[in-house]
Amino acid sequence: AQSVTQLGSHVSVSEGALVLLRCNYSSSVPPYLFWYVQYPNQGLQLLLKYTSAATLVKGINGFEAEFKKSETSFHLTKPSAHMSDAAEYFCAVSGGMVQGAQKLVFGQGTRLTINP
Amino acid sequence: NAGVTQTPKFRVLKTGQSMTLLCAQDMNHEYMYWYRQDPGMGLRLIHYSVGEGTTAKGEVPDGYNVSRLKKQNFLLGLESAAPSQTSVYFCASSYHGTGSGYTFGSGTRLTVV
């Protein structure tokens, strides 16, 4: 079975500051890991994904995440926050291509606020 | 491409009423999913389908039924709505499992009074 824990339901940073959103996962099989972003009153958009290739994954809008197996983590970072980054971010895990484990399990979400 | 389209976008139901939420995708995806989103709980899987004519239960299936008669459509039904079903419902689809990520619809906001 898979599960995800996002540390911090609300993160606030200043414009231009580093963004760090934390995600820890649990999986009984080699996982696939994802970050999604949700803007107000919209659906979720894929930011980036890890599917067992490079451990440092680059996504859209300047975000990246690093898969650390020893720490069971997949934290999302962006060097310099922009006002347009304000949104809710979801980390998700699946059991990769293991039959029956292909469903995404989501964390509870982290709301990112950017202060001018 | 329209992607994943959900109808309706908003609905208010009285307790005990029934309704069907429609999800349509035009990407020829095999897999389709219904999630509900509640504050502080992320997204929880209700039901999913791995192909036309197949459905399976997710994490929170009670009170819901689904059908996938056509590959492009995935219907979510509430037979007798309850206030606990007040939520935002998202449909998603993927080509084959999760490797390519999901494409989400814009959601249906349902209130049961």
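Use the structure listed above.
The structure contained in this document is the topic of the report that follows. Worth saying up front: this structure is predicted, and the values here are computed from it rather than measured.

Our next topic: the overall build of chain A. On a plain count of helices and strands, chain A comes out with zero helices and 11 strands. Each helix (α) and strand (β) of chain A, taken in turn from the N terminus, gives the series β-β-β-β-β-β-β-β-β-β-β. Relative to the compact-globule value of 13 Å for 116 residues, chain A shows a C-alpha radius of gyration of 14 Å, a close match. The principal-axis extent of the C-alpha atoms belonging to chain A is close to 45 × 30 × 20 Å.

This next bit is on the nonpolar core. Residues and elements named next belong to chain A. Counting 27 residues, the largest nonpolar core has Trp35, Leu48, Leu76 and Tyr89 as its most contacted members. Those elements that place two or more of their residues in this core are strand S2 (10–14), strand S3 (19–27), strand S4 (32–38), strand S5 (44–50), strand S7 (64–68), strand S8 (73–78), strand S9 (87–94) and strand S11 (110–115). Beyond its immediate stretch of four places on either side in the chain, Leu48 contacts Leu33, Phe34, Trp35, Val57, Lys58, Gly59, Phe63, Glu64, Ala65, Phe74 and Leu76.

Residues and elements named next belong to chain B. Most of strand S4 (residues 31–37) is tucked away: seven of the seven residues are buried. Going residue by residue along S4, you find Tyr31, Tyr33, Tyr35 and Gln37 tucked away on one face and Met32, Trp34 and Arg36 tucked away on the opposite face as well. Bridge analysis of S4 against strand S9 (residues 87–94) gives seven bridges, and the strand direction is antiparallel. Paired with Met32 across the two strands is Ser93, which belongs to S9. Sheet analysis places S4 next to strand S5 (residues 43–49), joined by six bridges and oriented antiparallel.

The phi angle of most residues is negative, glycine excepted, and most peptide bonds adopt the trans form. Of note, the bond from Thr7(B) into Pro8(B) is cis; its omega dihedral lies within 30 degrees of zero at -10°. Secondary-structure assignment places Pro8(B) in the loop between strand S1 (4–7) and strand S2 (10–13). We note that Thr72(A) has phi near 45°; this positive angle belongs to a residue other than glycine. For Thr72(A), the location among the structural elements is in the loop between S7 and S8. With phi around 60°, Asn28(B) is a residue other than glycine that occupies positive phi space. Its place among the elements puts Asn28(B) in the loop between strand S3 (19–25) and S4.

Contacts between chain B and chain A engage 22 residues on the former and 21 residues on the latter. Both faces considered, chain B and chain A share a buried interface measuring about 1600 Å² in area, 57% of it formed by carbon and sulfur atoms. Across the chain B-chain A interface, the total number found is zero salt bridges. Elements supplying a minimum of two residues to the side of chain B that touches chain A: S4 and S5 of chain B.

Rules used in this analysis
Residues numbered from 1 in each chain as written. Chains lettered and ligands numbered in written order. Predicted model: local features only at pLDDT ≥ 70, side-chain atom pairs only at ≥ 80, totals over all residues. Heavy atoms only, no water. Helix = DSSP H or I, 4+ residues; strand = E, 2+ residues; numbered from the N terminus. Rg over C-alpha atoms; globule rule 2.2 N^0.38 Å. Core = buried A, V, L, I, M, F, W, Y, C linked by side-chain atoms within 4.5 Å. Buried < 20%, exposed > 50% of the residue type's maximum accessible area, 1.4 Å probe, protein only. Contact = heavy atoms within 4.5 Å. Pairing = 2+ DSSP bridges. Buried area = accessible area lost by both parts, 1.4 Å probe. Salt bridge = Lys/Arg side-chain N within 4 Å of Asp/Glu carboxyl O.

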